[in-house]
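Per-entry structural report
The primary structure of each chain is shown beneath.
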Amino acid sequence: MNYMGVVWSDKESSERKAFMNKVHQLVGRLFHHASVDGAADQMSKGVIQDSLPPVISEAEASRSIFGNGERWENGAVTNRVEMEPDSNIKLLRKGIIRLVMEEDQIRIYHCIENTRVYHEVEPRFLDIDSRMAPAVEYLIESYPETVLVDSLPLEGVEDKVTLATALYEKGIIVTMEPLKPIFDD
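Below or above, wherever it landed, is the structure these notes cover. Here the structure is a predicted model, which means the values were calculated and not measured.

**Points about the layout of surface pockets**
- Roughly 170 Å³ of volume is contained in the largest pocket.
- What lines the largest pocket is simply Ser44, Val47, Ile48, Leu91, Lys94, Gly95, Ile96, Ile97, Arg98, Ile140 and Tyr143.
- When residues of the lining of the largest pocket are traced back to their parent elements, those giving at least two are helix H2 (36-50) and strand E4 (97-102).
- Here the lining of the largest pocket gets three residues from one element, more than from any other, and that element is H2.
- Of the residues assigned to the lining of the largest pocket, the class counts are seven nonpolar, two polar and two charged.

This is the structure in C-alpha coordinates:
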(Lines give C-alpha, C1' and ligand atoms only; values in the text may rest on other atoms or scores of the structure.)
Protein backbone atom coordinates (compact mmCIF):
# COMPACT_ATOMS: atom_id res chain seq x y z
CA MET A 1 0.00 0.00 0.00
CA ASN A 2 2.96 2.31 0.48
CA TYR A 3 4.53 1.88 -2.96
CA MET A 4 1.75 0.83 -5.40
CA GLY A 5 -1.22 2.74 -6.81
CA VAL A 6 -1.76 5.98 -8.68
CA VAL A 7 -0.15 8.09 -5.97
CA TRP A 8 3.08 6.09 -6.22
CA SER A 9 3.08 5.47 -10.01
CA ASP A 10 5.69 8.13 -10.80
CA LYS A 11 7.88 7.43 -7.77
CA GLU A 12 10.95 5.20 -7.80
CA SER A 13 11.53 2.82 -4.89
CA SER A 14 13.21 -0.54 -4.46
CA GLU A 15 9.96 -2.05 -3.14
CA ARG A 16 7.99 -0.81 -6.16
CA LYS A 17 10.66 -2.03 -8.57
CA ALA A 18 10.79 -5.49 -6.91
CA PHE A 19 6.97 -5.74 -6.89
CA MET A 20 6.69 -4.75 -10.58
CA ASN A 21 9.38 -7.28 -11.52
CA LYS A 22 7.51 -10.02 -9.64
CA VAL A 23 4.19 -9.10 -11.33
CA HIS A 24 5.91 -9.11 -14.72
CA GLN A 25 7.40 -12.56 -13.99
CA LEU A 26 4.06 -14.02 -12.79
CA VAL A 27 2.04 -12.58 -15.69
CA GLY A 28 4.66 -13.93 -18.09
CA ARG A 29 4.27 -17.42 -16.58
CA LEU A 30 0.48 -17.10 -16.62
CA PHE A 31 0.55 -16.29 -20.33
CA HIS A 32 2.03 -19.73 -21.06
CA HIS A 33 -0.87 -21.40 -19.23
CA ALA A 34 -3.72 -19.16 -20.39
CA SER A 35 -5.97 -20.40 -23.17
CA VAL A 36 -5.96 -17.34 -25.39
CA ASP A 37 -7.73 -19.21 -28.20
CA GLY A 38 -10.38 -20.48 -25.77
CA ALA A 39 -10.94 -16.94 -24.50
CA ALA A 40 -11.25 -15.67 -28.09
CA ASP A 41 -13.82 -18.40 -28.82
CA GLN A 42 -15.87 -17.43 -25.77
CA MET A 43 -15.76 -13.73 -26.74
CA SER A 44 -16.77 -14.61 -30.31
CA LYS A 45 -19.58 -16.80 -29.02
CA GLY A 46 -20.95 -13.70 -27.29
CA VAL A 47 -20.63 -11.65 -30.48
CA ILE A 48 -22.54 -14.35 -32.37
CA GLN A 49 -25.33 -14.20 -29.79
CA ASP A 50 -25.40 -10.39 -29.97
CA SER A 51 -25.64 -10.39 -33.78
CA LEU A 52 -28.78 -10.00 -35.80
CA PRO A 53 -29.61 -12.83 -38.16
CA PRO A 54 -28.31 -12.22 -41.67
CA VAL A 55 -30.60 -10.66 -44.27
CA ILE A 56 -31.10 -13.21 -47.05
CA SER A 57 -31.20 -11.92 -50.62
CA GLU A 58 -33.48 -13.51 -53.23
CA ALA A 59 -30.47 -15.11 -54.91
CA GLU A 60 -29.29 -16.58 -51.60
CA ALA A 61 -32.78 -17.77 -50.73
CA SER A 62 -32.99 -19.73 -53.98
CA ARG A 63 -29.71 -21.48 -53.09
CA SER A 64 -30.50 -22.17 -49.44
CA ILE A 65 -33.05 -23.81 -47.18
CA PHE A 66 -34.86 -20.46 -46.96
CA GLY A 67 -36.16 -20.69 -50.51
CA ASN A 68 -35.21 -24.12 -51.74
CA GLY A 69 -36.07 -26.71 -49.17
CA GLU A 70 -38.78 -29.10 -48.18
CA ARG A 71 -42.24 -27.66 -47.66
CA TRP A 72 -45.46 -29.10 -46.34
CA GLU A 73 -48.24 -28.41 -48.84
CA ASN A 74 -51.70 -29.98 -49.00
CA GLY A 75 -50.77 -32.80 -46.66
CA ALA A 76 -47.59 -33.80 -48.50
CA VAL A 77 -43.90 -32.92 -48.47
CA THR A 78 -42.91 -31.00 -51.60
CA ASN A 79 -39.65 -29.65 -53.00
CA ARG A 80 -37.52 -32.33 -51.35
CA VAL A 81 -33.85 -31.74 -52.15
CA GLU A 82 -30.69 -33.68 -51.40
CA MET A 83 -27.12 -32.57 -51.04
CA GLU A 84 -24.77 -34.45 -53.38
CA PRO A 85 -20.98 -34.97 -53.28
CA ASP A 86 -20.65 -32.73 -56.38
CA SER A 87 -22.63 -29.85 -54.83
CA ASN A 88 -20.65 -26.61 -54.45
CA ILE A 89 -21.20 -25.01 -51.04
CA LYS A 90 -20.00 -22.08 -48.95
CA LEU A 91 -20.94 -20.31 -45.74
CA LEU A 92 -23.88 -17.94 -46.10
CA ARG A 93 -21.77 -15.11 -44.59
CA LYS A 94 -18.42 -14.64 -42.96
CA GLY A 95 -18.68 -14.47 -39.19
CA ILE A 96 -22.07 -16.17 -38.79
CA ILE A 97 -20.60 -19.23 -37.07
CA ARG A 98 -17.96 -20.01 -34.47
CA LEU A 99 -16.53 -23.47 -33.85
CA VAL A 100 -16.08 -23.86 -30.09
CA MET A 101 -14.91 -26.73 -27.90
CA GLU A 102 -16.70 -26.73 -24.56
CA GLU A 103 -15.89 -29.45 -22.06
CA ASP A 104 -15.98 -32.60 -24.21
CA GLN A 105 -18.33 -31.24 -26.88
CA ILE A 106 -17.69 -29.48 -30.19
CA ARG A 107 -20.34 -26.91 -31.05
CA ILE A 108 -21.02 -24.62 -33.96
CA TYR A 109 -22.56 -21.44 -32.57
CA HIS A 110 -24.51 -19.46 -35.16
CA CYS A 111 -26.71 -16.38 -35.47
CA ILE A 112 -29.09 -17.74 -38.13
CA GLU A 113 -31.92 -18.32 -35.64
CA ASN A 114 -31.32 -15.16 -33.56
CA THR A 115 -34.30 -12.86 -33.27
CA ARG A 116 -34.37 -9.12 -33.76
CA VAL A 117 -34.96 -8.67 -30.03
CA TYR A 118 -31.67 -8.52 -28.11
CA HIS A 119 -30.95 -11.86 -26.35
CA GLU A 120 -34.56 -12.99 -26.66
CA VAL A 121 -33.34 -16.55 -27.26
CA GLU A 122 -30.50 -18.56 -25.79
CA PRO A 123 -27.35 -18.94 -27.92
CA ARG A 124 -28.07 -21.22 -30.87
CA PHE A 125 -25.67 -24.03 -31.66
CA LEU A 126 -25.29 -27.30 -33.47
CA ASP A 127 -23.40 -30.14 -31.73
CA ILE A 128 -21.08 -32.03 -34.03
CA ASP A 129 -18.82 -35.05 -33.75
CA SER A 130 -15.15 -34.14 -33.30
CA ARG A 131 -14.39 -35.88 -36.61
CA MET A 132 -16.45 -33.17 -38.37
CA ALA A 133 -14.53 -30.19 -36.93
CA PRO A 134 -11.81 -30.10 -39.64
CA ALA A 135 -14.50 -29.87 -42.32
CA VAL A 136 -16.14 -26.91 -40.56
CA GLU A 137 -12.74 -25.24 -40.22
CA TYR A 138 -12.21 -25.84 -43.95
CA LEU A 139 -15.50 -24.09 -44.78
CA ILE A 140 -14.63 -21.13 -42.54
CA GLU A 141 -11.15 -20.79 -44.04
CA SER A 142 -12.43 -21.20 -47.62
CA TYR A 143 -15.00 -18.39 -47.42
CA PRO A 144 -15.94 -16.65 -49.74
CA GLU A 145 -14.99 -19.40 -52.19
CA THR A 146 -17.25 -22.37 -52.79
CA VAL A 147 -16.00 -25.91 -52.22
CA LEU A 148 -17.26 -29.28 -53.35
CA VAL A 149 -18.97 -31.33 -50.67
CA ASP A 150 -16.67 -34.17 -51.74
CA SER A 151 -13.61 -32.00 -50.96
CA LEU A 152 -14.49 -31.66 -47.26
CA PRO A 153 -11.66 -33.22 -45.23
CA LEU A 154 -13.64 -36.18 -43.89
CA GLU A 155 -13.14 -39.92 -44.36
CA GLY A 156 -16.26 -41.05 -46.19
CA VAL A 157 -18.68 -39.53 -48.66
CA GLU A 158 -21.56 -40.27 -46.28
CA ASP A 159 -19.97 -38.11 -43.53
CA LYS A 160 -19.34 -35.30 -46.02
CA VAL A 161 -22.94 -35.30 -47.26
CA THR A 162 -24.32 -35.66 -43.70
CA LEU A 163 -22.40 -32.60 -42.48
CA ALA A 164 -23.26 -30.52 -45.55
CA THR A 165 -26.93 -31.47 -45.20
CA ALA A 166 -27.00 -30.53 -41.50
CA LEU A 167 -25.43 -27.13 -42.23
CA TYR A 168 -27.77 -26.57 -45.19
CA GLU A 169 -30.86 -27.41 -43.11
CA LYS A 170 -29.77 -24.88 -40.45
CA GLY A 171 -29.26 -22.20 -43.13
CA ILE A 172 -25.54 -21.92 -42.42
CA ILE A 173 -24.45 -22.76 -45.97
CA VAL A 174 -25.69 -22.00 -49.45
CA THR A 175 -25.09 -23.89 -52.68
CA MET A 176 -23.60 -22.43 -55.85
CA GLU A 177 -26.70 -23.47 -57.81
CA PRO A 178 -30.19 -24.25 -56.47
CA LEU A 179 -30.56 -27.92 -55.57
CA LYS A 180 -32.88 -29.80 -57.89
CA PRO A 181 -36.12 -31.13 -56.35
CA ILE A 182 -36.45 -34.90 -56.07
CA PHE A 183 -39.80 -36.32 -57.10
CA ASP A 184 -40.90 -39.57 -55.52
CA ASP A 185 -42.83 -41.92 -57.77
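**Remarks on the sheet that holds strand E6 (residues 124-128)**
- In spatial order, the strands read E4-E5-E6; together these three strands make up an open sheet with antiparallel pairing. Two strands lie at the open edges of the sheet, namely E4 and E6, each paired on one side alone. Neighbouring strand axes in the sheet, compared pairwise and without regard to direction, differ in orientation by 30° on average.
- Inspection of the sheet shows E4 paired to strand E5 (residues 105-110) by six bridges, in the antiparallel sense. Counterpart to Leu99 in the pairing with E5 is Ile108.

**Digging into unusual backbone geometry**
- In this chain, Tyr143 is followed by Pro144 through a cis amide linkage whose omega measures 15°.
- Turning to its location among the elements, Pro144 is positioned in the loop between helix H4 (133-142) and strand E7 (147-148).
- The phi dihedral of Glu103 falls on the positive side, at around 55°, and the residue is not glycine.
- Positionally, Glu103 belongs in the loop between E4 and E5.
- On the basis of relative accessible area, Glu103 is assigned to the exposed category, the value being 78%.

Here is what the cut-offs are and how they apply
Residues numbered from 1 in each chain as written. Predicted model: local features only at pLDDT ≥ 70, side-chain atom pairs only at ≥ 80, totals over all residues. Heavy atoms only, no water. 1 Å grid on protein atoms, 1.4 Å probe; cavity = no way out; pocket = protein on both sides within 12 Å on 5 of 7 lines; lining within 4 Å. Points joined across faces, edges and corners; volume = space filled by probe spheres on them. Helix = DSSP H or I, 4+ residues; strand = E, 2+ residues; numbered from the N terminus. Nonpolar A, V, L, I, M, F, W, Y, C, P; charged D, E, K, R; others polar. Pairing = 2+ DSSP bridges. Axes fitted to C-alpha atoms, helices over the stretch in contact; angles between N-to-C directions. Buried < 20%, exposed > 50% of the residue type's maximum accessible area, 1.4 Å probe, protein only.

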